[in-house]
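Descriptive structure summary
Below, each chain spelled out in residue letters.
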Amino acid sequence: EATLQAITGRAREIVGAQQAITTTVFEGSWGEAVSAVSQPEERTEAAALASPPDGSGLEGLVCESNRPLRLTQAELEVHPRRRGAPPPDGLRGWLAAPLVSRAGRNMGLIQLSGKHLGDFSPTDEDILVQLAQMASVAIENAMLVDELRHQTQRAEDLGRAKDEFLAMLGHELRNPLAPIVTALQILRLRNPEQVPREQEVIERQVRHLVRLVDDLLDVSRISRGHVALQKTRLELAPLVARSVELASPILEQKRHALEVDVPREGLVVDGDEERLIQVVSNLLINAAKYTPDEGRIRVSAARVGSEIELRVRDNGMGISGDLLRFVFEPFVQGARTLDRSQGGLGLGLTIVRSLVQAHGGRVSAESAGPGSGSEFVVRLPLATGEAVHHTRTPPDAAHIAPHPGQRVLVVDDNVDAAELLAQALTRAGCEVRVATDSVSALDIAREFAPAAGLLDIGLPVIDGYELARRLREEHGAMLLVAVTGYGQAADRVRAREAGFDEHVVKPVALEVLLRLLAAHPATARASN
């Protein structure tokens, strides 16, 4: 509309007419026509458009023929397509030029009435035709910009809808996984020396499910830049060692020979420890998946100029040339058979690329073709100075003990999840009470006086955020941990604002909860 109004005013001024009307109409849809009017202040737009165009008058003739039309007042009065009452004083004669798209389709017209002096001349017609051509380009461009703006808004809306869907999907998938993981941990605690093969199979498959869920949510967050890196100065060798630990189940299952050639010192990087481990473990798992049993995988690293160059090489299936260009795109995988023997969602390499780029590095893939193996090369900026050395205790729940008799309130509307978590905490020496809704939780807390609360977020009637606020008001410095399927960055911020001390995502390892309970000052004071 703004473009139309500007065009109309300029056309009236340049040609020297009393009135100008520009109308856009597409594919003969006069009922949806849009008009802009320019005329002296003493005239009104209502008078100019007393009879909205419907295509039956002279406007329709110009649009149908896609040719300009110039009429004197005498010609106008006898023309068979003329409609309506005689024009007001001063609006004598008529001149119009069609608006024509780049493809040659009619888009409407510009019409002028009331030449200031005499009749509209052939020169006026030539000028208006030129103006109409420029106006047609302006209108098309304005429409393209508007469409682009609409599509951009649509894409943003779809992106938000996708993120909301993934958040809900993660919640719905993680909730049933939580009691399964807890049940497996309880079984392992009962007899850590003898774990049945059937239990090992279940544990392995559950880990696979958890990884799929994490990948699905990670690829959205990371690609949109919603992951905050917690950078410290790190040696590469320990990162590779931990990555090998994570990838060891599939390496052992497929009986691969793994060679690691990474200097113990001297390759220092500024990075997020967990995210860099994710990068290397994803590359190792990818190599293991696409290498036939009893294959060879080699991890090497060296300093190259001002960069660290990490290489993961396998002698597996290789990558065809047409796939090599797209191997880091989401959901791209090699040839898929019905048995889906390689599994996965095709997201691991996308996550690798996004995380490497977030660290200021780059990653590439090399392969001579199918059957010749593959090599992935990660290049990261070399950091100066010494690394920060971390001491890591093996994650073993059997060796983590919270303070004896520690009182813990577990709140989850998933009865299985709540009861199994309570059972696991009880075995670890805690005194536990369970609630499946917020109202019951508040009543229990007043009588039980817990030192810690492990709260689900998606509770009925009163959600976990509001429950945390009320518990904080009534019980002060108790430890509040959000144990939830909602794991987006916004969820963590909202949890902190509601008063939670910690936010962990289901399914959470028992040792993680026990460490939180053992370390928090409030729980230590309460047990004493």
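Here, every reference points to the structure presented above.
Owing to the predicted nature of the structure, the values given are computational and were not obtained by experimental measurement.

The rules we used
Residues numbered from 1 in each chain as written. Predicted model: local features only at pLDDT ≥ 70, side-chain atom pairs only at ≥ 80, totals over all residues. Heavy atoms only, no water. Helix = DSSP H or I, 4+ residues; strand = E, 2+ residues; numbered from the N terminus. Polar contact = N/O pair within 3.5 Å; in protein donor to acceptor, adjacent residues only side chain to side chain. Contact = heavy atoms within 4.5 Å. Axes fitted to C-alpha atoms, helices over the stretch in contact; angles between N-to-C directions. Parallel < 35°, antiparallel > 145°, perpendicular 65-115°, else oblique. Left-handed = near helix turned anticlockwise from the far one by under 90°. Nonpolar A, V, L, I, M, F, W, Y, C, P; charged D, E, K, R; others polar. Phe/Tyr/Trp six-rings, centres within 6.5 Å; stacked < 30°, edge-to-face > 60°. Buried < 20%, exposed > 50% of the residue type's maximum accessible area, 1.4 Å probe, protein only. Pairing = 2+ DSSP bridges.

**What about the side chain of Asp412?**
Relative to the helices and strands, Asp412 resides in the loop between strand 13 (407–411) and helix 11 (415–427). A polar contact is formed between the side chain of Asp412 and the side chain of Lys506, at a distance of 2.8 Å. Excluding residues that lie within four positions of it along the chain, Asp412 makes contacts with Ala417, Ala418, Ala435, Thr436, Asp456, Leu459 and Lys506.

**Notes on the packing of helix 11 against helix 15 (residues 510–519)**
Interaxial distance between helix 11 and helix 15 falls to 11 Å at its minimum, and their mutual angle equals 60°. As the angle between them shows, helix 11 and helix 15 are arranged oblique. Handedness of the helix 11/helix 15 crossing: right-handed. In this structure, helix 11 contributes Leu421, Ala424 and Leu425 to the contact, and helix 15 contributes Leu510, Leu513, Leu514 and Leu517. A per-class count over the contact of helix 11 with helix 15 returns seven nonpolar, no polar and no charged.

**Quick notes on unusual backbone geometry**
In the segment running from Lys506 into Pro507, the intervening peptide bond is cis, with an omega of -10°. Within the secondary structure, Pro507 is located in the loop between strand 17 (502–505) and helix 15. Although it is not a glycine, Arg255 sits at a positive phi angle of roughly 55°. Structurally, the position occupied by Arg255 is in the loop between helix 7 (236–253) and strand 7 (257–261). Of note, the phi angle at Glu294 is positive, near 65°, even though the residue is not glycine. For Glu294, the position within the fold is in the loop between helix 8 (273–289) and strand 9 (296–304).

**Observations regarding the side chain of Ser367**
Residue position: Ser367 is located in the loop between strand 11 (362–366) and strand 12 (374–381). Only 3.2 Å separates the side chain of Ser367 from the backbone nitrogen of Gly369, close enough to count as a polar contact. In this structure, Ser367 is in contact with Gly318, Ile319, Leu324, Ser372, Gly373 and Ser374, ignoring residues within four places of it in sequence.

**Some thoughts on the packing of aromatic side chains**
Applying the stated rule across the entire model yields one aromatic pair. When the centroid spacing of 6.0 Å and the interplanar angle of 90° are considered together, the rings of Phe328 and Phe376 count as edge-to-face. Here Phe376 lies in strand 12 and Phe328 lies in the loop between helix 9 (321–324) and helix 10 (348–358), a separation of 48 residues in the sequence. For the pair formed by Phe328 and Phe376, the shared burial category is buried.

**Looking at the sheet that holds strand 11**
With respect to topology, five strands assemble into an open sheet ordered 7-9-10-12-11, the strand pairing being mixed. The open sheet has two edge strands, strand 7 and strand 11, and neither has a second partner. On average, adjacent strands in this sheet sit at an angle of 15° to one another, irrespective of strand direction. In terms of strand pairing, strand 7 meets strand 9 through five bridges, oriented parallel. The residue bridging Asp261 from the neighbouring strand is Ser300, located in strand 9.

**Concerning the sheet that holds strand 14 (residues 431–435)**
In spatial order, the strands read 14-13-15-16-17; together these five strands make up an open sheet with parallel pairing. Two strands close off the open sheet at either side, each with one partner strand: strand 14 and strand 17. Shown here is a sheet whose adjacent strand axes are inclined to one another by a mean of 20°, direction ignored. Both strand 16 (residues 479–484) and strand 17 contribute to a ladder of four bridges, which runs parallel. Bridge pairing links Val481 to Glu502 in strand 17. Of the strands in this sheet, strand 13 and strand 14 are in contact with helix 12 (residues 438–448), which crosses strand 14 at around 155°. Across the sheet, helix 13 (residues 464–475) lies against strand 13, strand 15 (452–455) and strand 16, angled at about 170° from strand 15, the strand it touches most.

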